[in-house]
Amino acid sequence: MQDNAPSPDWSLAKFGIGQPVPRGEDPHLLRGEGRYTDDINLPRQAYGVMVRSPHAHGIIRGIDIEAARSMPGVLAVITGADLKAAGFGPIKPGVSFPNRDGTPMRVPPHPSLSSDRVRHVGDAVACVVAETAVQARDAAEAVSLDIDPLPAVVEARDAAKPGAPQLHETAPGNIALDYHYGDAEKTAAAFAAAAHVVRLPIINNRLVANPIEPRAALAEYDAGSGRWTFHTCSQGVMGMKNNLASDILGVAPEKLRVMTGNVGGSFGMKSAVYPEYACLLHAARALGRPVKWTDDRSGSFVSDQHGRDHDIVGELALDRDGRFLAVRITGYANMGAYLGNFGLLIGSLNIVKNTVGGYATPLIEVAMKCVFTNTTPIGPYRGAGRPEGNYYMERLVDAAAAETGIDRVELRKRNHIRDEQLPYKAASGMLYDSGAFSSLLDRAVGVADWGGFERRQAESRARGRLRGRGIGGYLEVTATGAKEMGGIRFEPDGTVSIITGTLDYGQGHLTPLAQVMYGKLGIPLDRVRLVQGDSDQLTTGGGTGGSRSITMSGAAVLAASDKVIEQGKAIAAHALEAAVADIEFARGRFSIAGTDRSIGILELAQRLRAGLKLPPDVPPSLDTSLIVDTVPSAFPNGCHVCEVEIDPETGKTDVVRYASVNDFGMIVNPMLVAGQVHGGVVQGIGQALMEVARYDEGGQLLTGSFMDYALPRASDSPNIEFVSHPSPAKTNPLGTKGCGEAGCAGALPAVMNAVVDALAVYGIRHIDMPATPERVWQAIQAAKARPGAPR
C-alpha cells in the first residue's frame with residue numbers, strides 16, 4: 001500500500017534538532033489568545049481578597065471581622081481558626097538538611113493564615129470572599145487588626161546576633177540551619193600554607209521576582225466526588241498537586257486536580273505553595289462555589305517569595321604559582337520569616353555545587369547560617385544558588401589577579417580543569433563529564449575583541465568616561481530530582497500530543513520538544529500539540545526548574561518515540577500484510593524492506609481511527625505513555641565578557657559591549673537558547689546595577705512598587721552576542737546541558753568585574769551589587785578623599 005498524500009519536506013536540516021525553528025506558540029499568544037489563570041471564569045464564581053499585616057512583627061490580639069462580614073455581597077471571612085478547624089495543615093519546605101553537628105534543622109510552623117503572631121509585612125491573616133472582587137476588596141479594608149508591634153530584624157547577620165528579636169520559639173537565635181560542607185581542617189591547612197590569600201566580603205542583594213503575570217488561582221469543589229479542581233499559575237502541576245494534597249489538605253492525591261494554562265513568567269517564584277491557595281480551597285468547599293483570587297502588584301511585592309539575599313565572606317587560597325588551593329565561603333543566608341520551598345537549598349548545597357566552577361580547586365568549605373528575619377520568605381530566583389556561587393568565585397578570581405599581578409585570563413587558564421582530566425571529580429562532589437574550559441575562554445576573549453579594549457578605553461576617556469572590562473566564567477550544576485513522563489497521543493483531529501510533566505512558563509517548550517519528536521517520527525511541527533498543565537493527564541512530572549526541562553522531557557520524548565515506532569511496526573506489518581521483521585521506519589514512514597510499499601505514520605493513525613481491524617497480539621494504538629528515570633546533573637558552562645562605561649560625575653554605569661560564549665552541549669533550538677541567554681543576561685544586569693528589595697529597620701519594604709524598585713529596560717540592554725562552543729553531555733541521550741539560568745550566572749560576575757575594573761583607577765577593589773549611580777558616586781568620592789588618591 002502506498003500513501004498517496006504529498007510528501008512533506010522531511011529535511012532534518014529544516015525542522016530537526018539544531019535548527020532555529022520559530023516558536024510555534026507565539027502567533028497564538030501575540031493574537032491575545034493565551035489562556036492565563038485570570039482569564040478563567042466559572043459559573044457562580046466568587047472572589048477572594050487577602051488581608052495582610054501592615055506590621056513586620058507583632059502579637060495578634062484580635063481580628064475583628066464582624067463589620068466586614070456584614071458588608072454587601074460578602075459570603076465569608078476566613079481566618080486561621082477556620083483553616084485549623086477544617087484540618088488544613090501548614091506550608092512545608094521542600095528540602096531538609098542536618099545541622100553541622102548532626103542535629104535536625106529547625107522547621108517552625110508556617111500557617112497559611114497567622115493567628116497568634118505576624119512575622120513580616122504582608123503576612124496573611126484573613127481572606128474575604130464576596131460576590132464581586134470590588135465587594136471583597138471593600139470588605140477586606142473593613143477587617144480590623146489589633147496587633148501589638150514587636151521589634152523587627154531584617155538583616156540575616158543582625159538576626160543571628162545575641163539579643164536580636166526572636167521570630168519563632170522553636171528556632172533559637174533565629175537559626176533555621178547551621179550548614180557546613182567540606183573538611184574544615186584540610187581547608188584551614190591549605191590556607192595556612194598558601195602563598196597568597198584573597199578575602200572579600202560580598203553582599204548578594206535581595207530581589208523581587210516581578211514576572212509580568214501576578215499570581216492567581218481559582219478553586220472549585222465537587223461535593224459528589226469530594227474532589228477539588230485547582231487552577232493556578234505554577235511551574236509544574238504534579239508537584240503543586242502533591243504538596244497541596246499531602247501538606248495542606250491532608251487528602252489522597254487523586255482528590256485534587258491541578259491545572260495550569262499559559263504562565264506569564266515565574267523565574268522560580270511560582271513553584272511554591274502559597275497561603276492564598278489554602279484559603280481558596282477551603283472557601284470553595286465551604287461555600288459550594290468556585291472562588292477566584294488574583295493578586296495585585298502591591299500584594300505581589302510583599303507576598304511573592306523574594307530571591308537571593310546572602311551576606312558572605314569569600315576566601316581563595318593560592319600557591320606561589322597562582323594555583324588555587326582552596327576556596328571558603330562563610331556567611332549568612334536570609335530565609336525571611338518562614339522557610340520557603342527551596343530557600344534552604346539556595347544558601348547551602350547549591351553554593352557548594354556551583355562555586356568551584358570549571359577550576360581544579362582541590363578543596364571547598366561552605367559554612368552558612370540560614371536565618372529567619374522579619375522579611376518576605378526567600379525562594380528560588382533564576383538560578384537559585386547557581387549565579388550566587390559563580391559570582392562569589394569569579395569576584396575572588398579577579399581580586400586574586402589584581403593582588404598577585406597575574407593576568408586575569410592567564411590566572412583562569414592556569415587553574416582550569418584540563419581536557420585530559422575529564423571526567424573530573426570536583427571538590428563539590430560533582431563528577432564533570434564534559435567541557436573545554438580553556439578553549440572556551442580563548443574563544444570568548446576573541447569574540448569580545450579583548451585586544452582592542454585599550455583603544456575603546458581611550459575613546460571613553462576622551463569623553464570623560466571610565467571604561468572597564470570584566471570576565472564572568474561560570475559552570476552550573478543543573479537540577480535532577482523527579483522522574484519524568486513521556487506520552488505521545490494521536491488525536492482524533494489528526495494532531496499529535498506530547499504529554500510530559502515539565503511546564504512552559506515562557507521558555508517555549510512546544511517547539512524544541514516537537515523538534516525532538518520530529519527527528520524520530522517525522523511528524524510535521526504544525527501537527528504537534530503539547531500537554532503539560534493538567535495533572536489528570538500526567539502520571540508523574542518534575543516540573544520546570546534548575547535548567548532540567550529539555551534534558552528530562554527531551555529524554556522522555558525520545559523514549560516514547562521509540563515505543564511508538566515499536567508499536568507502529570507491528571500495526572504497519574498487519575496493514576501492509578508483511579512480517580514485523582520486514583518493517584522498517586524512516587522519515588515518518590513504515591515500509592517493507594526492499595520494496596516501495598509503505599504507509600505514513602499519520603495515515604496509519606488515521607486508519608486506526610477509521611477502525612482498522614487488528615489481531616489480539618498487535619498493539620491496539622500508536623499511543624504510548626512511559627516514565628523515564630532521572631538522569632544525572634549536567635554542567636552548562638561558559639564565559640561572558642562585558643564592557644561598561646561609567647560617568648564619574650554622576651556614577652551612572654552603562655553596559656556598552658557584551659559577548660557570551662556558552663557550552664550547552666547539544667542545542668535543540670539555537671534561536672530559543674539565545675533568547676534564554678539574552679533574558680538571563682538582562683536580569684543579571686538588573687541585579688548588578690539597579691535592583692534591590694530594601695527594608696527599613698522596622699521591616700517596612702521601602703521598594704514596594706515600580707516607583708522605587710528599578711527594573712532594567714530595553715535601553716539598559718546592550719547588543720548581546722551569543723556564541724555556542726558545545727561539548728555534548730555524556731549523561732543523557734540528547735547530550736543537552738540546560739540553558740535557562742546561565743545568562744544570570746555569567747552576567748553577575750562579568751558586569752561587576754567590569755565595574756570594579758573601571759573604578760580601579762581610584763584604587764577601588766570591590767563594590768557590592770547593585771552598583772547604582774549613588775553607590776558608585778559615593779565610592780568614587782570616598783576614594784578621592786584618601787590621601788594621594790587620583791582626582
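What counts, and where the lines are drawn
Residues numbered from 1 in each chain as written. Predicted model: local features only at pLDDT ≥ 70, side-chain atom pairs only at ≥ 80, totals over all residues. Heavy atoms only, no water. Helix = DSSP H or I, 4+ residues; strand = E, 2+ residues; numbered from the N terminus. Rg over C-alpha atoms; globule rule 2.2 N^0.38 Å. Buried < 20%, exposed > 50% of the residue type's maximum accessible area, 1.4 Å probe, protein only. Contact = heavy atoms within 4.5 Å. Areas by Shrake-Rupley, 256 points an atom, 1.4 Å probe, with all protein chains shown as cover. Core = buried A, V, L, I, M, F, W, Y, C linked by side-chain atoms within 4.5 Å. Phe/Tyr/Trp six-rings, centres within 6.5 Å; stacked < 30°, edge-to-face > 60°. Pairing = 2+ DSSP bridges. Axes fitted to C-alpha atoms, helices over the stretch in contact; angles between N-to-C directions. Disulfide = S-S within 2.5 Å. Arc of directions from axis to C-beta. Polar contact = N/O pair within 3.5 Å; in protein donor to acceptor, adjacent residues only side chain to side chain. Right-handed = clockwise from strand over helix to strand, strands pointing away.

Colleague: Describe the overall build of the chain, with residues and values.
Modeller: The secondary structure content of the chain amounts to 22 helices and 30 strands. Taking 2.2 N^0.38 as the reference for a compact globule, 791 residues should give roughly 28 Å; the C-alpha atoms of the chain span a radius of gyration of 28 Å, in line with that estimate. The C-alpha extent of the chain, read off along each of the three principal axes, is 95 × 70 × 55 Å. Out of the 791 residues in the chain, the part that is buried amounts to 59%. Long-range contacts, defined here as pairs at least 24 residues apart, represent 80% of the contacts in the chain between residues at least 6 apart. Roughly 29,600 Å² of accessible area belongs to the chain as shown, and the carbon and sulfur atoms make up 52% of that amount.

Colleague: Explain the nonpolar core residue by residue, including any values.
Modeller: Counting 99 residues, the largest nonpolar core has Leu316, Leu344, Tyr432, Tyr658, Leu689, Val755 and Leu759 as the members making the most contacts within it. When sequence neighbours within four positions are dropped, the list of residues in contact with Leu759 reads Leu466, Ile646, Ile764, Ile767, Val776 and Ile780. Core analysis: the next-biggest nonpolar cluster, separate from the first, contains 59 residues, Met50, Met240, Tyr277 and Tyr505 among them.

Colleague: Kindly report on the packing of aromatic side chains, identifying the contributing residues and their values.
Modeller: Scanning the entire structure with this criterion turns up 14 aromatic pairs. Judged by centre distance (5.4 Å) and plane angle (75°), the ring pair of Phe324 and Tyr359 falls under edge-to-face. In this pair, Phe324 is assigned in strand β16 (residues 324–336) and Tyr359 in the loop between α12 (349–355) and β17 (363–372), connecting sequence segments 35 residues apart. Its relative accessible area of 5% is what places Tyr359 among the buried residues. Pairing Tyr391 with Tyr392 gives two aromatic rings, centres 6.2 Å apart and planes at 55°, and the pair type is tilted. Relative accessible area serves as the criterion here: at 0%, Tyr391 is assigned to the buried category. Given a relative accessible area of 0%, Tyr392 falls into the buried group. Through pairs of rings, three or more aromatic residues link up here, namely Phe230, Tyr274 and Tyr277.

Colleague: Describe the sheet that holds strand β13 (residues 291–294), with residues and values.
Modeller: Strand order in the open sheet formed by seven strands is β3-β5-β1-β13-β10-β11-β12, with mixed pairing between adjacent strands. The open sheet has two free edges, formed respectively by β3 (74–79) and β12 (256–259), since each of these has just one partner strand. Sheet twist, expressed as the average angle between the axes of neighbouring strands with direction ignored, equals 20°. Sheet topology note: the strand β11 (residues 227–232)/β12 ladder contains four bridges and is parallel. Across the sheet, residue His231 finds its bridge partner in β12, namely Met259.

Colleague: Which residues make up the state of the cysteines, and what values go with them?
Modeller: Evaluation of the coordinates by the stated rule reveals zero disulfides. Cys639 takes part in no disulfide bond, and the closest cysteine sulfur, belonging to Cys642, lies 11 Å away.

Colleague: Before we move on, could you go through helix α7 (residues 184–193) and cite the residues and values that matter?
Modeller: Those residues of α7 not exposed but buried are Thr187, Ala190 and Phe191. Seen from one end, α7 has its buried residues packed into an arc of 95°, which puts them on one side. Facing away from the buried side of α7, by more than 90 degrees, are the exposed residues Glu185, Lys186, Ala192 and Ala193. Along its buried surface, α7 packs onto β8 (196–204), β15 (310–318), β16 and β17. Measuring from the side-chain oxygen of the N-cap residue of α7 to the backbone nitrogen of Glu185 gives 3.1 Å; that N-cap residue is Asp183.

Colleague: Describe the pairing of β12, with residues and values.
Modeller: Side chains of β12 alternate between two faces, with Leu256 and Val258 buried and Arg257 and Met259 left unburied. With helix α8 (residues 237–249) bridging β11 and the parallel β12, this β-α-β connection has right-handed handedness.

Colleague: So, the environment of Leu689: which residues are in play, and what are the values?
Modeller: Relative to the elements of secondary structure, Leu689 occurs in helix α20 (residues 670–689). Classification of Leu689 as buried rests on a relative accessible area of 7%. Along the backbone, Leu689 and Ala710 are 21 residues apart, and their C-alpha atoms lie at a distance of 9.4 Å. Once you skip the residues sitting within four places of it in the chain, Leu689 turns out to touch Thr653, Val655, Val751, Val755, Pro770, Ala771 and Thr772.

Colleague: Talk me through the environment of Ala742; I want residue IDs and the actual numbers.
Modeller: For Ala742, the location among the structural elements is in helix α21 (residues 742–759). On a C-alpha basis, the gap between Ala742 and Glu476 in space is 7.3 Å, while along the polypeptide they are 266 residues apart. The residues contacting Ala742, other than those within four sequence positions of it, are Tyr474, Glu476, His640 and Phe664.

Colleague: Residue-level account of the sheet that holds β15, with values.
Modeller: A sheet is described by the order of its strands in space; here five strands give the open sequence β7-β17-β16-β15-β8, paired in mixed fashion. Since the sheet does not close on itself, it has two edges, and those belong to β7 (175–181) and β8, each with one partner. In this sheet, neighbouring strand axes are inclined to one another by 10° on average, regardless of whether the strands run parallel or antiparallel. The sheet contact formed by β8 and β15 spans nine bridges and is antiparallel. Considered in β15, the bridge of Val197 is made with Ala317. Lying on the sheet, α7 is in contact with β7, β8, β15, β16 and β17; it crosses β16 at an angle near 125°.

Colleague: Explain helix α14 (residues 408–415) to me, using residue names and the numbers behind them.
Modeller: The set of residues buried in α14 consists of Arg408, Val409, Leu411, Arg412 and Asn415. An end-on view of α14 places all buried positions within 165° of arc, on one side of the element. At its buried positions, α14 is contacted by β15, β16, α13 (386–404), α15 (437–447), β20 (466–475) and α21. Measuring from the backbone nitrogen of Val409 back to the side-chain oxygen at the start of α14 gives 2.9 Å, which picks out Asp407 as the cap.

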